[in-house]
Every structure is written in structure tokens, then in C-alpha cells.
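Remarks on the overall topology
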Amino acid sequence: MTTPFTLTFDCAAPGALAAFWCEALGYVPAAPPAGFDSWEQWLIRFEVPEDEWDDGAAIEDPGGAGPRISFLKVPEPKTAKNRIHLDVQVGGGRATPWEERWPKVRAKADRLIAAGATEQAVFDLEGRPDHVVLLDPEGNELCVV
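As a starting point, this report considers the structure included with it. (Residues numbered from 1 in each chain as written. Predicted model: local features only at pLDDT ≥ 70, side-chain atom pairs only at ≥ 80, totals over all residues. Heavy atoms only, no water.)

Things to note about the nonpolar core
Quick note on the threshold: For this analysis, a nonpolar core means a set of buried residues of the types Ala, Val, Leu, Ile, Met, Phe, Trp, Tyr and Cys, connected via side-chain atoms within 4.5 Å. For every residue, the accessible area (1.4 Å probe, protein chains only) is compared with the maximum for its type, and the residue is labelled buried under 20%, exposed over 50%, or partly exposed between those bounds. A helix here means a DSSP run of H or I that spans at least four residues, while a strand means a run of E at least two residues long, and both kinds are numbered starting from the N terminus. By the convention used here, residues are in contact when the closest approach between their heavy atoms is within 4.5 Å.
Judged by nonpolar contacts, the single largest core of 22 residues is most densely connected at Trp21, Ile59, Phe71, Leu112, Leu134 and Leu142. Where this core is concerned, the elements lending two or more residues are β1 (6-11), α1 (14-25), β4 (68-73), α3 (98-114), β7 (128-135) and β8 (141-144). If one sorts the elements of this core by residue count, α1 sits on top with six residues. Excluding residues that lie within four positions of it along the chain, Leu134 makes contacts with Ala109, Leu112, Ile113, Ala117, Thr118, Glu119, Gln120, Asn140, Glu141, Leu142 and Val144.

Points about the side chain of Thr96
Relative to the helices and strands, Thr96 is located in the loop between β5 (86-88) and α3. Setting aside chain neighbours within four positions, we find Thr96 in contact with Gly91 and Arg101.

As for the pattern of salt bridges
The line we're drawing: We define a salt bridge as a side-chain nitrogen of Lys or Arg found within 4 Å of a carboxyl oxygen belonging to Asp or Glu.
Taken as a whole, this structure holds eight salt bridges when the rule is applied. Asp130 is the salt-bridge partner of Arg101, the closest N and O atoms lying 3.1 Å from each other. Of this pair, Arg101 sits in helix α3 while Asp130 sits in strand β7, and the two are 29 residues apart along the sequence. Between Asp110 and Arg106 there is a salt bridge, with its nearest N and O atoms 2.9 Å apart. Note that Asp110 and Arg106 are positioned in helix α3 at a spacing of four residues, about one turn of the helix. On the basis of relative accessibility, which here comes to 40%, the residue Asp110 falls in the partly exposed class. Among the charged side chains, a network of salt bridges with common partners joins Arg94, Arg101 and Asp130.

Details of the packing of α1 against α3
For clarity, the cut-off: Think of each axis as a best-fit line through the C-alpha atoms, taken over the contacting stretch in the case of a helix, with angles from 0 to 180 degrees between the N-to-C directions. These descriptions rest on fixed angle ranges, namely under 35 degrees for roughly parallel, over 145 for roughly antiparallel, 65 to 115 for roughly perpendicular, and the rest for oblique. By definition, turning the near helix anticlockwise from the far helix through less than a right angle yields a left-handed crossing, and turning it clockwise yields a right-handed one. Throughout, the ten residues Ala, Val, Leu, Ile, Met, Phe, Trp, Tyr, Cys and Pro are labelled nonpolar, Asp, Glu, Lys and Arg are labelled charged, and all others, Gly among them, are labelled polar.
At a minimum axis separation of 10 Å, α1 and α3 run at an interaxial angle of 165 degrees. Between α1 and α3, the interaxial angle falls into the category roughly antiparallel. Every pair of crossing elements has a handedness; the one defined by α1 and α3 is right-handed. On α3, the residues that touch Phe20, Glu23 and Ala24 of α1 are Lys108, Arg111 and Leu112. Within the contact of α1 with α3, the residues separate by chemical class into three nonpolar, no polar and three charged.

Some words on the environment of Asn82
Heads up, the condition is: Pairing of N or O atoms within 3.5 Å defines a polar contact, subject to two protein rules: one partner must be a possible hydrogen donor and the other a possible acceptor, and residues neighboring in sequence count only if both atoms are side-chain atoms.
Here Asn82 shows up in the loop between β4 and β5. Counting along the chain gives 61 residues from Asn82 to Trp21, while the straight-line C-alpha distance between them is 16 Å. One polar contact links the side chain of Asn82 to the main-chain carbonyl oxygen of Ile84, over a distance of 3.4 Å.

Following this line, the structure appears as C-alpha cells:
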């Protein structure tokens, strides 16, 4: 039996970062807990002060297969390279012909750059571009492969 888990990003702007990762992964904003019609209703019920309502956000796989991802507001900025990162797998893997795979990788990287990412590097394999390393809007590394 597996143990359920949530990936959590510490960040400065939870709502904005959640929106970026929805674009990156095809996720959607997380539904409010059972018994509540909205997150606002939940926040009011548990007497969360209004000035803390944007202190967190969560997204989920609309198909239910991927893990939930949460975003929590913290006061300190990111200061070092991530020890873990997400690979956004759009190319089909290296068994897919390069001529088919690379345009998918480049197109997704370009969409994420338009959504606020920064391109950090393009890595080559056998003399051709293979994958793109990006930084999300708060500087977290991710690869488009």
C-alpha cells in the first residue's frame, strides 16, 4: 500500500505560482474540502483572517492520477538550487524520434516562458538540443523533456 503525499512549494505568491504550475502540468485549482462550496466558505468557517487568505494555494490533477501540489507563503526568498525538481515530460521520451520530440519540448518551454518562466539552459545530446531547463516565476528549477 502506498502512502498519500502532497508536494509543497514554499513561495512568496502562492496564487500566482499555483497558476503557473497549472499551465505547466495541466492541473486545475484544488476543489474545496468536502462539505464546502468554496475555499472562501472554508476559510470563514475556520476563522482564517482575511489578510491570510492568499497564504496558500493548491492544485490537483483533474484525472486524479498525479499528486496534489500545494504552495505555502513564507517570508524568506529562495536562496539556493533545488535539491529536487519536476521534469515536465511532453516529448515522449528518447525512444521518440528527435524530429518529433524536440518540437514538443521547445513548444512547451516557450509556452511556459510566456507564462512567466525563465530559460536557464538548453542541454544537447549527440549534438542536438535535448531538454530545456527553466526557472519558474520564483526561481524553482524544472526541466522540459
